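Topology and contacts: notes
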2 protein chains.
Amino acid sequence: MAHDPRTVPSATISRLVTYLRIVTQLEQGGVRTTSSEYLAKEAQVSAFQIRKDLAYFGRFGTRGEGYTVPTLRREIERILGLTRQWRVAIVGVGRIGEALANYPNFRDYHFELKGLFDLDPAKVGRLVAGLEIKHLSELNRLVLEQGIDIGFITVPPKAAQDAADALVQAGIKGILNFAPTVIEVPREVHVEPVDFLAGLKRLSFYIINPQLKEELA
Amino acid sequence: MAHDPRTVPSATISRLVTYLRIVTQLEQGGVRTTSSEYLAKEAQVSAFQIRKDLAYFGRFGTRGEGYTVPTLRREIERILGLTRQWRVAIVGVGRIGEALANYPNFRDYHFELKGLFDLDPAKVGRLVAGLEIKHLSELNRLVLEQGIDIGFITVPPKAAQDAADALVQAGIKGILNFAPTVIEVPREVHVEPVDFLAGLKRLSFYIINPQLKEELA
DNA sequence: ATATGTGAATTGATTCACAGCG
DNA sequence: CGCTGTGAATCAATTCACATAT
């Protein structure tokens, strides 16, 4: 069982997501056991790192043997909170919002799209990915009714803070922010930025400074 | 002028991108000077952090005064390599690839879309964002002809490594990888992952572990 | 007087080496 | 004997305090 640790590097959480992807693939391929060595190669980190990352949460392997793939997969899912389904709403049904709503891997086992919201009256009522777009004024009600936990912000940068405020007001617990701007939220709401323009600008820096290698979180 | 430092934390580069966005907004609003204090508040970091981040690259402020907005904007752009235009190709014109091609902020000052590639014969020849989709077999030629520097990978996860190989083979210098998988490239090619599914799973973890606050790189 | 720039101190993360178990 | 699990050592990043410049 677990430690329930007081502190975990956020880079560890990012890596756990990668490890989960790798063991899930192994499991689908019918592989029964694996090792920190193998996972390290696939995730492009050191084997030490893998063992240390897992050690924050407990002991999941067998000494001399390695890890049992289905067990490790299940344990990492439990650590990441992927034993339950998360219900998601998208605020801003432009091209990005619509592409995300239709993204086939999105209806992952763990995430379910439950609402689409926009301010534009021309969009409200339209059907996207089998859901009717609602006006943002209905957010509070539908978050409550549908038990929505997570909101995507896919509005233009200037509208991002308003979208965040609306989501917070509606009682959402986490936000995936696709807008290229820092948003302010209360301490208890978590925000993950997904900012490809920022990624591009980091790329630009590392291309002109090839001697500086980034270690990716 | 600059230090040209041997080592810079990658978190510093991410923060510089944020600072750039903030000073650009200030400049557009006609503000002439600012301070580490103000930038800190906007970027949600400490003022120490801002001054230290900038100090890796030189001295850009005036003691007792603060920073001159247009100067700081220009200097951060120079640091990030945004004094030149970067030419971009998109590999994989599915929903995400198409949404990116049409994203209005994409034709930023510094990035220019120069090629769209796919393997699907049904897509080749179609016009998207004013560009004709080419077959991936034409990548080498067009990267050379168009002077393309950066590739986006927006193909399904299983095709991502092949897309990466094709881009590397064509002589690309940097990759923005939207596929949820770790790709292998030679040391001299830089990869930035843009993985919203990973972001969602990190969110899941931080929602069920609210006592653990992430400090965002 | 005021806000930057920076060495020193502290805190945090990664690497290592090997103890612990199967 | 092999591979995990983990305290200790190293390395890196952030915070601090204040000297410095205007």
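Computed from a predicted model, the values in this text were never measured in an experiment.

Here the focus is the overall build of chain A. For chain A, the helix and strand inventory stands at eight helices and nine strands. Each principal axis of the C-alpha distribution contributes one length, and for chain A these read about 60 × 45 × 35 Å. Counting every position in chain A, which comprises 217 residues, the buried fraction comes to 52%. A separation threshold of at least 6 residues defines the contact pool for chain A, and within that pool the share at least 24 residues apart is 57%. By element, 50% of the accessible surface of chain A is carried by carbon and sulfur atoms, the whole surface being about 10400 Å².

Further remarks concern the sheet that holds strand 7 (residues 131-135) of chain B. All names here are of chain B. Ordered in space as 6-7-5-4-8-9-10, the seven strands form an open sheet in which the pairing is mixed. Strands at the two margins of the open sheet, each flanked by one partner only, are strand 6 (127-128) and strand 10 (190-193). Packing of helix 6 (residues 139-146) onto the sheet brings it into contact with strand 4 (86-91), strand 5 (111-118) and strand 7, and relative to strand 5 it is tilted by some 165°.

With that settled, consider helix 7 (residues 157-170) of chain B. All names here are of chain B. Its 14 residues place the ends of helix 7 20 Å apart at the C-alpha level, agreeing with the 20 Å of an ideal helix rising 1.5 Å per residue. Burial in helix 7 covers these residues: Ala160, Ala163, Ala164, Ala166, Leu167 and Ala170. One face of helix 7 carries all of its buried residues, which in axial projection span an arc of 165°. Of the exposed residues in helix 7, the ones pointing more than 90 degrees away from its buried face are Lys158, Asp162 and Gln169. Where the residues of helix 7 are buried, they touch strand 4, helix 6, strand 8 (150-153) and strand 9 (174-177). Of the residues trailing helix 7, Gly171 is marked for its positive phi of about 95°.

Turning our attention to the packing of helix 6 of chain B against helix 7 of chain B. All names here are of chain B. At a minimum axis distance of 9 Å, the contact between helix 6 and helix 7 shows a crossing angle of 45°. The angle between helix 6 and helix 7 places the two elements in the oblique class. As for how helix 6 packs across helix 7, the hand of that crossing is right-handed. Facing helix 6, whose interface residues are Leu139, Asn140 and Val143, helix 7 presents Ala166, Leu167, Gln169 and Ala170. Residue composition of the contact of helix 6 with helix 7, by class: five nonpolar, two polar and no charged.

This part takes up the protein's contact with DNA strand D. Residues in close proximity to DNA strand D total 24 residues, the closest being Ser36, Arg51, Gly61 and Arg63 of chain A together with Arg63 of chain B. At a separation of 2.7 Å, a phosphate oxygen of DNA strand D approaches a polar side-chain atom of Ser36 of chain A. Lys52 of chain A has a polar side-chain atom sitting 3.2 Å from a base oxygen of DNA strand D. For the surface near DNA strand D, the elements supplying multiple residues, two or more each, are helix 3 (47-55) of chain A together with helix 1 (10-28) and helix 3 (47-55) of chain B. Sorting elements by how many residues they give to the surface near DNA strand D places helix 3 of chain B first, with four residues. Among the residues making up the surface near DNA strand D, the classes are represented as six nonpolar, nine polar and nine charged.

To continue, consider the protein's contact with DNA strand C. Lining the immediate environment of DNA strand C, one finds 24 residues, of which Ser36, Arg51, Gly61, Gly64 and Tyr67 of chain B sit closest. The protein-proximal atoms of DNA strand C, defined as those within 4 Å of the protein, are 62% sugar or phosphate. One of the side-chain nitrogen or oxygen atoms of Arg63 of chain B is found 3.1 Å away from a sugar or linking oxygen of DNA strand C. Within the contact set of DNA strand C, a phosphate oxygen lies 2.9 Å away from a side-chain nitrogen or oxygen of Tyr67 of chain B. For the surface near DNA strand C, the secondary-structure elements that each account for two or more residues are helix 1 (10-28) and helix 3 of chain A together with helix 3, strand 2 (61-62) and strand 3 (66-68) of chain B. Considering every element that reaches the surface near DNA strand C, the biggest residue donor is helix 3 of chain A, with four residues. Residue composition of the surface near DNA strand C, by class: six nonpolar, nine polar and nine charged.

With that settled, consider the domain arrangement of chain A. According to the domain assignment, chain A contains domain 1 (10-80) and domain 2 (86-198). With centres defined by C-alpha atoms, the gap from domain 1 of chain A to domain 2 of chain A works out at 31 Å.

Reading the values: rules and limits
Residues numbered from 1 in each chain as written. Chains lettered and ligands numbered in written order. Predicted model: local features only at pLDDT ≥ 70, side-chain atom pairs only at ≥ 80, totals over all residues. Heavy atoms only, no water. Helix = DSSP H or I, 4+ residues; strand = E, 2+ residues; numbered from the N terminus. Buried < 20%, exposed > 50% of the residue type's maximum accessible area, 1.4 Å probe, protein only. Contact = heavy atoms within 4.5 Å. Areas by Shrake-Rupley, 256 points an atom, 1.4 Å probe, with all protein chains shown as cover. Pairing = 2+ DSSP bridges. Axes fitted to C-alpha atoms, helices over the stretch in contact; angles between N-to-C directions. Expected span 1.5 Å × (residues − 1). Arc of directions from axis to C-beta. Parallel < 35°, antiparallel > 145°, perpendicular 65-115°, else oblique. Left-handed = near helix turned anticlockwise from the far one by under 90°. Nonpolar A, V, L, I, M, F, W, Y, C, P; charged D, E, K, R; others polar. Near = heavy atom within 4 Å. Polar contact = N/O pair within 3.5 Å; in protein donor to acceptor, adjacent residues only side chain to side chain. Domains from an automatic or database assignment.

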